[in-house]
Structure formats: C-alpha cells, structure tokens
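Structural features, examined
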Amino acid sequence: MTRIKRGYIARRRRTKLRLFASSFRGAHSRLTRTMTQQRIRALVSAHRDRGKRKRDFRRLWITRINAVIHEMGVFYSYNQFIHNLYKKQLLLNRKILAQIALLNRSCLYTISNDIKK
C-alpha cells in the first residue's frame, strides 16, 4: 500500500501563525501552542488599546486646552469654555482646539472673545 501524504492546509495555517509570531521572544515564537496563545493575547491587547488610545488623546487635548485657557486668563474653567462654544454653535472639536492652542494662541484668544460676547 502506498503512503498517503496529508494536505497542506494545516501547514499553511501554521506558517501564517509563525509569520505573525516571528517577532515574539523565546517559546512564544517557536512552539505552535504557545504561539497561538500569544497571538490571541496580542490581538486582544491591540483591540483594547485602540480604545485606550482614543481616551488618552482626548485627555491630552483637554489638558492642553485647559492649560492655555488658564494661562490667558480668559475663562475660569475649561467647562465654561466648552459650554459657551456649544451655546454659540461653534463646532470645533477638541483636537482642533488643542492644535490651535499650541500653534496659534492669538486665534484661540479671538475665539474665546467671540464666545464671551
């Protein structure tokens, strides 16, 4: 009876897994079972940290805006500034406001004066 060779599908799957885990250290890049576990763990961390990155950047923007507002002495608090922005229907998000605060403070000063009126 002739020898029956198995297919290539499992090998192809493991090869893809090896390519993914090739940068891992130790057994995490050599043993198939631990590669699989580490791959799941890496993807979970990546998914979790995508949301965390959004929160972190929002916190950074709020901190920058707040620092410039307090430095200029225009508003007493960040909350009042944002509230007045919405009241005047100026639709500037926090990212843009933070960029304006960093690069062009006089423009932010002008915006805050327009809001006060």
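Note that the coordinates shown come from a computational prediction; the quantities given were computed from them, not determined experimentally. (Residues numbered from 1 in each chain as written. Predicted model: local features only at pLDDT ≥ 70, side-chain atom pairs only at ≥ 80, totals over all residues. Heavy atoms only, no water.)

What follows deals with the nonpolar core. If you look at the biggest cluster of nonpolar residues, it comprises 14 residues, and the most contacted ones within it are Ile65, Phe81, Ile82, Leu85, Leu97 and Leu108. Sequence-distant contacts of leucine 97, that is, excluding residues within four places in its chain, are made with Ile65, Phe81, Ile82, Leu85, Leu92 and Leu108. (Core = buried A, V, L, I, M, F, W, Y, C linked by side-chain atoms within 4.5 Å. Buried < 20%, exposed > 50% of the residue type's maximum accessible area, 1.4 Å probe, protein only. Contact = heavy atoms within 4.5 Å.)

Attention now goes to the packing of helix H1 (residues 9–21) against helix H2 (residues 32–72). Orientation of H1 relative to H2, taken along the N-to-C sense of each, is 60°, at an axis distance of 10 Å. Considering their axes alone, H1 and H2 lie oblique with respect to each other. Here H1 runs over H2; the crossing is left-handed. Of H2, the residues touching H1 (which contributes Arg14, Leu17, Arg18, Phe20 and Ala21) are Thr32, Met35, Thr36, Arg39, Ala42 and Leu43. Taken together, the residues that form the contact of H1 with H2 break down as six nonpolar, two polar and three charged. (Axes fitted to C-alpha atoms, helices over the stretch in contact; angles between N-to-C directions. Helix = DSSP H or I, 4+ residues; strand = E, 2+ residues; numbered from the N terminus. Parallel < 35°, antiparallel > 145°, perpendicular 65-115°, else oblique. Left-handed = near helix turned anticlockwise from the far one by under 90°. Nonpolar A, V, L, I, M, F, W, Y, C, P; charged D, E, K, R; others polar.)

Now for the confidence of the model for the protein. Residues with a pLDDT of 70 or more make up 99% of the protein, whose mean pLDDT is 92. Model confidence for the protein, summarised as mean pLDDT per element, is weakest for helix H5 (residues 105–116) at 87 and strongest for H2 at 95. (pLDDT = per-residue confidence, 0-100.)

What follows covers a positive patch on the surface. Among the surface-exposed residues, Arg6, Arg13, Arg14 and Arg18 lie close enough to one another that they form a single positively charged patch. Within the fold, arginine 13 resides in helix H1. (Patch = residues over 30% accessible without salt bridge, like charges linked within 9 Å, V, L, I, M, F, W, Y side chains within 5 Å. Areas by Shrake-Rupley, 256 points an atom, 1.4 Å probe, with all protein chains shown as cover. Salt bridge = Lys/Arg side-chain N within 4 Å of Asp/Glu carboxyl O. Lys, Arg positive; Asp, Glu negative; His and termini not counted. Charge placed at Lys NZ, Arg CZ, Asp CG, Glu CD.)

Right, let's talk about the packing of aromatic side chains for a bit. Under the criterion given, the structure shown has two aromatic pairs. When the ring of phenylalanine 20 is compared with that of phenylalanine 24, the centres are 6.1 Å apart and the planes differ by 90°; the resulting orientation is edge-to-face. The partly exposed category is assigned to phenylalanine 20, whose relative accessible area is 36%. Judged by relative accessible area, which is 23%, phenylalanine 24 ranks as partly exposed. The interplanar angle of 35° and the centroid separation of 6.0 Å between the aromatic rings of phenylalanine 57 and tryptophan 61 together place this pair among those described as tilted. One end of the pair is phenylalanine 57 and the other is tryptophan 61, both in helix H2 and four residues apart, which spans about a single turn. The ring of phenylalanine 20 carries the charged tip of arginine 39 above its face, separated from the ring centre by 5.8 Å. (Phe/Tyr/Trp six-rings, centres within 6.5 Å; stacked < 30°, edge-to-face > 60°. Lys NZ or Arg CZ within 6 Å of the ring centre and 35° of its normal.)

Attention now moves to the pattern of salt bridges. Tallied over the entire structure, the rule returns three salt bridges. Measuring nitrogen to oxygen at the nearest pair gives 3.2 Å for the salt bridge that ties arginine 48 to aspartate 49. Relative accessible area serves as the criterion here: at 48%, arginine 48 is assigned to the partly exposed category.

Let's shift gears to the environment of isoleucine 65. Assignment of secondary structure puts isoleucine 65 in helix H2. Residue isoleucine 65 is classed as buried on the basis of its relative accessible area, which comes to 0%. Here the alpha-carbon distance between isoleucine 65 and alanine 101, two residues 36 residues apart in the chain, equals 6.1 Å. In this structure, isoleucine 65 is in contact with Tyr78, Phe81, Arg94, Leu97 and Ala98, ignoring residues within four places of it in sequence.

A few words on the packing of helix H3 (residues 78–87) against H5. The axes of two packed helices give the description: the angle between them and the distance between them. Where H3 contacts H5, the two axes come as close as 9 Å, and the packing angle between them is 65°. If you check the angle between H3 and H5, you find them roughly perpendicular. The element H3 and its partner H5 pack so that their crossing is left-handed. Across the interface between the two elements, Phe81, Asn84 and Leu85 from H3 touch Leu108, Ile111, Ser112 and Ile115 from H5. A breakdown of the residues in the contact of H3 with H5 according to their chemical character gives five nonpolar, two polar and no charged.

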